[in-house]
Amino acid sequence: MGRVIVTGSSRGIGKAIVDRYLDEEWTVFGASTTIIPYWKDNPRYRHAVIDLNMFKDAIDQWVNSLQKFENFPEVLINNAAVFIDSPISSSDDSWLENWNKTISINLTASSYLAKKVIKIWSSLHIDGILINISSRAAQRGDTEEFAAYAASKAGMIAFVKSVARNYGKQGITAFSIAPGFVQTDMAIESIKTYGEEYLTQGLALDAIVPPSDIATLAYRIGTGELKHSTGQTFHINSGSYLF
């Protein structure tokens, strides 16, 4: 089976993705900000604790450690993200602090990790697959409290398109997945802010997306079955908007 890198593996979408790849007998290299109890007895899972607030050194060390294995992972899934409430009415300093933190963790850190991995794929002639977990907010915007989140997720989609356009002939493909609300801790935070009805209003289905649906899509892309869709964004949002 294959090898995959998954950031934000400790909960929600990331945990579901790890579960699916492990079920398919892949080797998974996960990362989050904390030590996690899951899969500790599974020899096919290896975990790294990475503080994305100071991402460069942490990512450099992590990628260097991955190069020591016999086979470098051929799939990278950028899932780690923060979702910070920062309304326009907040102070300038507070807004800038939260904007910069959101962009740094969600977009810059994920793109830097992808840069490091793509360079290795190129040097080793690996047909690598990049998958960025974006958001419906990247396509339709979000409430003004989460404008930074929407901007960071839109940037992830643009980055994927650039990778796809520039590295396809080297065998490297890139994809975005744009979920709507998903049954995760992040959705719970939104419920606290807006109420439960906000999450389901306007859906074509009667429930928000389960993390397992995202994991299934991420797995199918990671197998290479969809390589001719390189650069595309896959929307999975219970019909909250349709393309």
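The rules behind each value
- Numbers given for residues are sequential positions, taken from 1 along each chain in its written order.
- Only residues with pLDDT of at least 70 get local features here, since the model is predicted, and only at 80 or more are side-chain atom pairs given and counted; chain-wide, interface and lining totals rely on the full set of residues.
- To get the side-chain values, take all heavy atoms of the structure and skip hydrogens and water.
- Nine residue types can take part in a nonpolar core, namely buried Ala, Val, Leu, Ile, Met, Phe, Trp, Tyr and Cys, and a core is a set of them joined through side-chain atoms within 4.5 Å.
- Remark: exposure states derive from per-residue accessible area (1.4 Å probe, protein chains only) relative to the maximum for the residue type, with buried under 20%, exposed over 50%, and partly exposed in between.
- Only DSSP runs of H or I covering at least 4 residues are called helices, and only runs of E covering at least 2 are called strands; the numbering of each starts at the N terminus.
- Only heavy atoms matter for contacts: two residues are in contact if any of them lie within 4.5 Å across the pair.
- Ring pairs are drawn from Phe, Tyr and Trp, using the six-membered ring of Trp, whenever the two centres fall within 6.5 Å, and their geometry is named by plane angle: stacked under 30 degrees, edge-to-face over 60, tilted for the rest.
- Each pair of strands is called paired provided DSSP finds at least two bridges between the two strands.
- Inter-axis angles, ranging from 0 to 180 degrees, are taken between N-to-C directions of lines fitted to C-alpha atoms, where helices are fitted over the stretch in contact.
- Helix span, expected: 1.5 Å multiplied by one less than the number of residues in the helix.

Caption draft 1: Summary view of the nonpolar core. Of all hydrophobic cores here, the largest spans 31 residues; its most connected members are Leu52, Trp62, Phe72, Leu76 and Trp121. Elements represented by at least two residues in this core include exactly β2 (27-32), α2 (55-66), α3 (92-124) and α5 (147-167). At nine residues, the largest contribution of residues to this core is made by α3. Residue contacts for Trp62: discarding those within four places in its chain leaves Ile5, Thr7, Phe29, Gly30, Ala31, Ala48, Ile50 and Leu113. Tyr21, Leu22, Ile214 and Ile221 belong to the second-largest nonpolar core, a separate cluster that totals 30 residues.

Caption draft 2: Geometry of the packing of aromatic side chains. Under the criterion given, the structure shown has eleven aromatic pairs. Judged by centre distance (6.3 Å) and plane angle (75°), the ring pair of Trp26 and Tyr219 falls under edge-to-face. Here Tyr219 lies in helix α8 (residues 211-222) and Trp26 lies in the loop between α1 (12-23) and β2, a separation of 193 residues in the sequence. With relative accessibility at 6%, the residue Trp26 sits in the buried group. Among the residues examined, Tyr219 registers a relative accessible area of 8% and is labelled buried. Between the aromatic rings of Trp95 and Trp99, the centroid separation amounts to 5.0 Å while the plane-to-plane angle is 25°, which identifies the pairing as stacked. One end of the pair, Trp95, and the other, Trp99, are both in helix α3, four residues apart, so they sit about a helical turn from each other. A residue is classified by how much of its surface remains accessible, and Trp95, at 25% relative accessible area, is partly exposed. Among the aromatic side chains, those forming a connected cluster through ring pairs are Tyr21, Trp26 and Tyr219.

Caption draft 3: Region of interest: the sheet that holds strand β5 (residues 129-133). The parallel open sheet is built from seven strands, whose spatial order is β3-β2-β1-β4-β5-β6-β7. Of all strands in the sheet, those bounded by a partner on one side alone are β3 (45-49) and β7 (233-236). Taking each pair of neighbouring strands and ignoring which way they run, the sheet shows an average axis angle of 15°. Sheet topology note: the strand β6 (residues 173-179)/β7 ladder contains four bridges and is parallel. Within β7, the position partnered with Pro179 by the bridge is Ile236.

Caption draft 4: Layout of α8. With twelve residues, α8 should reach 16 Å at 1.5 Å per residue; the first-to-last C-alpha distance of 16 Å fits that figure. Residues Pro211, Ile214, Ala215, Leu217, Ala218, Tyr219, Ile221 and Gly222 constitute the buried set of α8. Positioned one or two residues after α8, Gly224 has a phi angle of 90°, which is positive.

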